[in-house]
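These are the residues of each chain, in order.
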Amino acid sequence: MLILIIFLAALVAVAVALLLRERQNNQELTAELNRVREGSRRVDHFLSGMFGEMRTEGGMTGAMNLAAGYLAEQCGAETAAIYEFIDERLLVLGVHGAYPLVHSGNRMLLAHPNHLFELLRRERIRPGEGFIGELLNTGRAELVANAAVDSRFDEYPDTNVCGSVMAMPLESNGQTVGVVCAFGNRNQPGAAFDEEAFEHFQLLAPQMAMALDIVHAYGEISRRDRIDQELEFARQIQFSLLPEAFPDWDQFAVTAFTRSAKEVNGDFYDFVEIDEDRLLIVLGDACGKGVPACMLTAMTRSVIRAMADNFVSLGDFLRDLNRKMYRGTDADRFITLGCCLLDRRNSLLEFGRAGHTELLTFVRDHIRTIMPQGAALGIMPDEFAEFDTFCTAFEPGMALLLYSDGLTEALNGNGEEFGLERLKELFRLGCRTGEPARSVINLILEEVGSYEAEQGDDQTLVMIQHT
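Counting restarts for each chain, with residues numbered from 1 along the sequence as it is written. With pLDDT at 70 or above as the cut-off, local features in this predicted model cover only qualifying residues; side-chain atom pairs require 80 or more to be listed or tallied, and sums for whole chains, interfaces and linings still use all residues. Computation of side-chain values covers all heavy atoms of the structure but excludes hydrogens and water.

## A look at the overall build of the protein
Thought 1: Check the secondary structure of the protein and you find 11 helices and 16 strands.
Thought 2: Taken over 467 residues, the protein has a buried fraction of 46%.
Thought 3: Restricting to contacts in the protein with at least 6 residues of sequence separation, those with at least 24 account for 66%.
Thought 4: A 1.4 Å probe and the Shrake-Rupley method give the accessible areas. Residues count as covered only by the protein chains that appear here. In the form shown here, the protein has an accessible surface area of approximately 24,100 Å², with 51% of it arising from carbon and sulfur atoms. Every helix listed is a DSSP run of H or I at least four residues long, and every strand listed is a run of E at least two residues long, numbered separately from the N terminus. The buried label applies to any residue whose accessible area, calculated with a 1.4 Å probe on protein chains only, is under 20% of its type's maximum; exposed applies above 50%, and partly exposed to all values in between. By definition in these notes, contact holds between two residues if any of their heavy atoms fall within 4.5 Å.

Listed below in structure tokens is the structure:
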């Protein structure tokens, strides 16, 4: 009986011990779950703050400063910085507090957050340069008890206030993308960071790498949105510069059309009234495509219109325009120009060109090409630039075509150009049937569009008919 009692007592003791252990385990699991939930809440709060900051005026800089502040708070540091490794250099993207690892500057400047960040952002740290650069070579996390007595910090002018340091490289997809560094034990001023703080710091590093990825992804989206906005603005400006209507010039009918290879156009056309009897028609083609070419065409158009009041002759006009363009553009920027001067009183046409395509004329079922001498604008200085012009009677039934080389140089799938002969034949066919200018232009554009595999250059046409 005594043995049975002892056995039962032992079973009860074991059961109680198991219950107590299970209760303790449950408490530990609950505590761990709470810690995980709190950690998740902090990460969510951190990420929400980053996205919120990126949408404010602070932008990416504000977001990375917020990330540096989060790092310092979570690991109990007084100050922290986040570096990005780009183009073989480390640059500071975010900083929190009076971060002391600056290669130049004085204490008064470093004490001011704005001055400190300006000094830091100018630095470009090479691998192996200073304590931070050395981390790129070693690839190891570092815990320094007191930077003031560590020779690796001697090159920094503010090491006497450094205190304890934690630093490590950041990795993303197996590549080193930056470095994080934290200074000063906030919980125990003057004391070194302990191993627990160091382990926590290392656990936070992937979050900082993620912050870099987020900022770059958001920055790329913002950059594309900004580019789209700028291109739309450029398009609006360019359309506003094109003539709203074609001139009604008595016996002459003028029609034009342009289509871009990119978002904005490097071609342009314009009609400038010189006096009550003379109309200047220009078609320009800037080197290159896109926004730079668009800016050059806008500048050229403005100069042309400003010169109209002092117009004497077409040759003088081209020489003077070249002089201005040569002075006002870079060596690798130039523009070609075709110019037709219509004289309605005398039914005359004068044509001049500056490196542009030839003028096509339709006269009694024949196509003639006119190509007087003249270099592109902005290439040659005034003493070497010569511009000839060609003058002829403009009789009823005649038609003229100005065009940009995006039409004749259009390529098919075999890399063959559309060519001048095809353009001349289409122009002749359209004119011989008496089609209006708009129909002739549409015919040419449709044929070129069907021929080319993909539009590679801007395409512009100006057609003038004697009705």
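After that view, the rundown keeps rolling.
## With respect to helix 10 (residues 420–432)
Thought 1: To estimate the expected span of a helix, subtract one from its residue number and multiply by 1.5 Å. Between its first and last C-alpha, helix 10 extends 18 Å over 13 residues, near the 18 Å set by a 1.5 Å rise per residue.
Thought 2: For helix 10, the full list of buried residues reads Leu 423, Lys 424, Leu 426, Phe 427, Arg 428, Gly 430 and Cys 431.
Thought 3: Tucked inside the fold, the buried residues of helix 10 contact strand 12 (359–363), strand 13 (366–370), strand 15 (399–403), helix 9 (405–408), helix 11 (437–451) and strand 16 (459–466).
Thought 4: Of the residues one or two after helix 10, Gly 434 is the one with positive phi, at around 75 degrees.

## So, unusual backbone geometry
Thought 1: At Asp 250, a position not held by glycine, the phi torsion is positive, near 50 degrees.
Thought 2: Within the secondary structure, Asp 250 sits in the loop between strand 6 (248–249) and strand 7 (252–259).
Thought 3: Judged by relative accessible area, which is 51%, Asp 250 ranks as exposed.
Thought 4: In this structure, Ser 347 is a non-glycine residue whose phi angle is positive, near 50 degrees.
Thought 5: Secondary-structure assignment places Ser 347 in the loop between strand 10 (335–343) and strand 11 (348–354).

## Things to note about the nonpolar core
In globular proteins that are soluble, nonpolar side chains generally tend to be buried together.
Thought 1: By convention a nonpolar core is built from buried Ala, Val, Leu, Ile, Met, Phe, Trp, Tyr and Cys residues, the set being connected through side-chain atoms within 4.5 Å. Ile 82, Leu 170, Val 180, Phe 201 and Met 208 are the most contacted members of the largest nonpolar core, which has 29 residues in total.
Thought 2: Elements with a contribution of two residues or more to this core: helix 2 (59–75), strand 1 (77–86), strand 4 (165–172), strand 5 (175–185) and helix 6 (195–241).
Thought 3: The next biggest cluster of nonpolar side chains, apart from the first, holds 26 residues, and it includes Val 272, Met 307, Ala 308 and Leu 318.

## Topic: the side chain of Asp 267
Thought 1: The residue Asp 267 is located in strand 8 (residues 267–273) in this model.
Thought 2: Positive residues here are Lys and Arg, negative ones are Asp and Glu, while His and the chain termini are left out of the count. Any carboxyl oxygen of Asp or Glu within 4 Å of a side-chain nitrogen of Lys or Arg constitutes a salt bridge here. Buried charge without a salt bridge: Asp 267, with Arg 259 as the nearest opposite-charge side chain at an N-O distance of 9.3 Å.
Thought 3: Within the local environment of Asp 267, its side chain forms a polar contact with the side chain of Ser 404, the two groups lying 2.8 Å apart.
Thought 4: Side-chain polar atoms of Asp 267 contact the side chain of Thr 460, separated by 2.9 Å. Counted as a polar contact is a pair of N or O atoms within 3.5 Å, where, for protein atoms, one must be capable of donating a hydrogen and the other of accepting one, and residues adjacent in sequence contribute only when both atoms are in side chains.

## Some words on helix 11
Thought 1: Helix length check: helix 11, at 15 residues, gives a terminal C-alpha distance of 21 Å against a target of 21 Å (1.5 Å per residue), a fit within 8%.
Thought 2: The elements touched by buried residues of helix 11 are strand 7, strand 15, helix 9, helix 10 and strand 16.

## Here we look at the pairing of strand 10
Along a regular strand, successive side chains alternate from one face of the sheet to the other.
Thought 1: Of all nine residues in strand 10, nine are buried, a share of seventy percent or more.
Thought 2: Side chains of strand 10 alternate between two faces, with Ile 335, Leu 337, Cys 339, Leu 341 and Asp 343 and Thr 336, Gly 338, Cys 340 and Leu 342 buried alike.
Thought 3: Pairing between two strands requires that DSSP report at least two bridges joining them. Relative to strand 10, strand 9 (residues 278–286) is paired through nine bridges, and the arrangement is antiparallel. Among the inter-strand pairings, Arg 278 is bridged to a residue of strand 10, identified as Asp 343.

## A few points about the sheet that holds strand 3 (residues 142–144)
Thought 1: Ordered by their spatial adjacency, five strands build an open sheet running 2-1-5-4-3, and the pairing between neighbours is antiparallel. With partners counted over all chains shown, the strands left at the sheet margins are strand 2 (89–96) and strand 3, one partner each. The mean inter-strand angle of the sheet, taken between neighbouring strand axes irrespective of direction, is 20 degrees.
Thought 2: Strand direction decides the pairing type here: strand 4 and strand 5, joined by eight bridges, are antiparallel. From the neighbouring strand, Val 165 faces strand 5, where its bridge partner is Phe 183. To get an axis, fit a line to the C-alpha atoms, keeping to the stretch in contact for a helix; angles then go from 0 to 180 degrees between the N-to-C directions.

## Quick word on the packing of aromatic side chains
Thought 1: For Phe, Tyr and Trp, where Trp contributes only its six-membered ring, two rings pair if their centres lie within 6.5 Å, and the inter-plane angle classes them as stacked under 30 degrees, edge-to-face over 60, or tilted in between. Overall, the coordinates contain eight aromatic pairs when judged by the stated rule.
Thought 2: Ring geometry for Phe 311 against Phe 317: centres 5.6 Å apart, planes inclined by 45 degrees, an arrangement best described as tilted.
Thought 3: On the basis of an interplanar angle of 80 degrees and a centroid distance of 5.3 Å, the ring pair of Phe 418 and Tyr 451 is categorised as edge-to-face. Here Tyr 451 lies in helix 11 and Phe 418 lies in the loop between helix 9 and helix 10, a separation of 33 residues in the sequence. An identical accessibility class is assigned to Phe 418 and Tyr 451; each is buried.
Thought 4: A cation sits over an aromatic face here: Arg 422 above Phe 418, 6.0 Å from the ring centre. Criterion for a charge above a ring: Arg CZ or Lys NZ at most 6 Å from the ring centre, at most 35 degrees from the ring normal.

## Topic: the pattern of salt bridges
Thought 1: This model, assessed by the stated rule, comprises 18 salt bridges.
Thought 2: Residue Arg 152 is joined to Asp 150 by a salt bridge in which the shortest nitrogen-to-oxygen separation is 3.0 Å.
Thought 3: A relative accessible area of 15% places Asp 150 in the buried class.
Thought 4: Residue Arg 428 pairs with Glu 425 through a salt bridge whose shortest N-O separation is 2.7 Å. Of this pair, Arg 428 and Glu 425 are both found in helix 10, three residues apart, which corresponds to roughly one turn of the helix.
Thought 5: Through salt bridges with shared partners, a single network forms among Glu 134, Arg 140, Glu 142, Asp 150 and Arg 152.

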